[in-house]
Amino acid sequence: MTEHPGNPAGPAAGPVDPRDLDLFEFARSGRQAAGVMRVSQLPRMLNEVPIDAPDRDTTFTWQAEGATQPELQYNGTEGRQPYLRVAIHGAAWLVCQRCLTPYDQAFNVDATYRIVNTEAEAEEFPLDDDEVEVIVGSRQFDLVDLIEEELLLSLPLVPKHDVCPEVHESLVSGVSGAEGAGEQAAQDEAGADDESARPNPFAALEALKRSGPGGKH
Ligand SMILES: [Zn+2]
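This is a predicted model, so every value here is computed, not measured. (Residues numbered from 1 in each chain as written. Predicted model: local features only at pLDDT ≥ 70, side-chain atom pairs only at ≥ 80, totals over all residues. Heavy atoms only, no water.)

Caption draft 1: Geometry of the overall build of the chain. Scanning the chain from N- to C-terminus turns up eight helices and five strands. Split into buried and exposed, the 217 residues of the chain put 29% on the buried side. Across the chain, contacts joining residues at least 24 apart in sequence account for 58% of those joining residues at least 6 apart. Working note: accessible area of the chain is about 14700 Å², and carbon and sulfur atoms make up 54% of it. (Helix = DSSP H or I, 4+ residues; strand = E, 2+ residues; numbered from the N terminus. Buried < 20%, exposed > 50% of the residue type's maximum accessible area, 1.4 Å probe, protein only. Contact = heavy atoms within 4.5 Å. Areas by Shrake-Rupley, 256 points an atom, 1.4 Å probe, with all protein chains shown as cover.)

Next up, the structure:
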């Protein structure tokens, strides 16, 4: 009657408010939390989503897990130090920088943080492990803010489709205008032999006009 192993309603594992979390307690007692967040709850992420996106309010699922790990301290003894691991999965619409249309970008974040007490401690913290970030903990920690920060950090440097939809080859080469012009000039000098090797897009267009659909003559 007194034991409730894994009972989420138990006092040590009550519901967690991700906006107001005692991060030190969360880590020390190895607690876990999970939830769903909408882009509309993350104003800075929402800024990245184009107005004409098919869905501006996509969702992210998140999991957070507290833990402690033994660490050698300055006084030479080992103490258990607080850690937080956060995983975020989901997608948001961004603007493709190649074809300038919206596309669905997947986000998969898995970050581990060593929790410290103060900013000063964070700055002095020896970062000998690239896999671990340092955050300043709080008794009223805003996990939503951290999740948004991680999403912003994992935005692609140049957002783009893997393969842009329905972009004709002639349009792609048209983007690099100067290069295309140089190519054309070189081709002109090379003479008529080369001309026949490459289909002339204008000739194709003329042919279309001549035999166009419902062609009225
Ligand atoms: Zn594209």
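What follows continues from the structure just given.
Caption draft 2: Inspection of the pattern of salt bridges at higher detail. On inspection of all chains with the given rule, the structure shows nine salt bridges. Between Glu25 and Arg31 there is a salt bridge, with the nearest N and O atoms lying 3.2 Å from each other. Residue Arg44 pairs with Glu149 through a salt bridge whose shortest N-O separation is 3.2 Å. Taken together, the positions of Arg44 in helix H2 (residues 43-46) and Glu149 in helix H4 (residues 143-153) put the pair 105 residues apart, joining distant regions of the chain. Residue classification places Arg44 among the partly exposed positions, given a relative accessible area of 33%. Residue Glu149 is classed as partly exposed on the basis of its relative accessible area, which comes to 34%. Three or more residues joined by partner-sharing salt bridges are found here, namely Arg44, Asp145, Glu148 and Glu149. (Salt bridge = Lys/Arg side-chain N within 4 Å of Asp/Glu carboxyl O.)

Caption draft 3: Spatial organisation of the coordination of the zinc ion. Summarising the metal site, the zinc ion is bound by the protein donors Cys96 (SG), Cys99 (SG), His161 (ND1) and Cys164 (SG), whose distances to it range over 2.0 to 2.3 Å. For the zinc ion, the four donor atoms are set out with angles of 105 to 118° between them, so the coordination reads as tetrahedral. On the basis of relative accessible area, His161 is assigned to the buried category, the value being 13%. (Donors = N, O, S within 2.8 Å, 3.2 Å for Na, K, Ca; no water. Tetrahedral: all angles 85-135°; square planar, octahedral: opposite > 155°, others 65-115°.)

Caption draft 4: Broad picture of the sheet that holds strand E2 (residues 59-72). The five strands lie next to each other as E1-E2-E3-E4-E5, forming an open sheet whose pairing is mixed. Looking at strand neighbours, the two that pair on one side only are strand E1 (32-38) and strand E5 (132-136), the edges of this open sheet. Sheet twist, expressed as the average angle between the axes of neighbouring strands with direction ignored, equals 35°. Bridge analysis of E2 against strand E3 (residues 78-95) gives 13 bridges, and the strand direction is antiparallel. Paired with Pro70 across the strands is Arg80, a residue of E3. Those strands touched by H4 are E1, E2, E3, strand E4 (102-116) and E5, and its axis lies near 60° from that of E3. (Pairing = 2+ DSSP bridges. Axes fitted to C-alpha atoms, helices over the stretch in contact; angles between N-to-C directions.)

Caption draft 5: Broad picture of the pairing of E4. Sheet analysis places E3 next to E4, joined by 13 bridges and oriented antiparallel. Each bridged residue has a counterpart across the sheet, and for Ala91 the counterpart in E4 is Ala106. Where E3 hands over to E4, the hairpin turn is made up of six residues, of which Leu100 adopts a positive phi near 60°.

Caption draft 6: Here's a closer look at the nonpolar core. Core analysis: the biggest nonpolar cluster contains 37 residues, and Met45, Phe60, Leu84, Val86 and Leu143 have the highest contact counts within it. Taken together, the elements giving at least two residues each to this core come down to helix H1 (23-28), E1, E2, E3, E4 and H4. (Core = buried A, V, L, I, M, F, W, Y, C linked by side-chain atoms within 4.5 Å.)

Caption draft 7: Focus on the packing of aromatic side chains. As enumerated under the stated definition, the model contains one aromatic pair in all. Seen in terms of ring centroids, Phe60 and Phe107 are 5.7 Å apart; in terms of plane orientation they differ by 80°. Their pairing is edge-to-face. Taken together, the residues span a long stretch of sequence, with Phe60 in strand E2 and Phe107 in strand E4 at a distance of 47 residues. Comparing Phe60 with Phe107, the two get one shared label, buried. (Phe/Tyr/Trp six-rings, centres within 6.5 Å; stacked < 30°, edge-to-face > 60°.)

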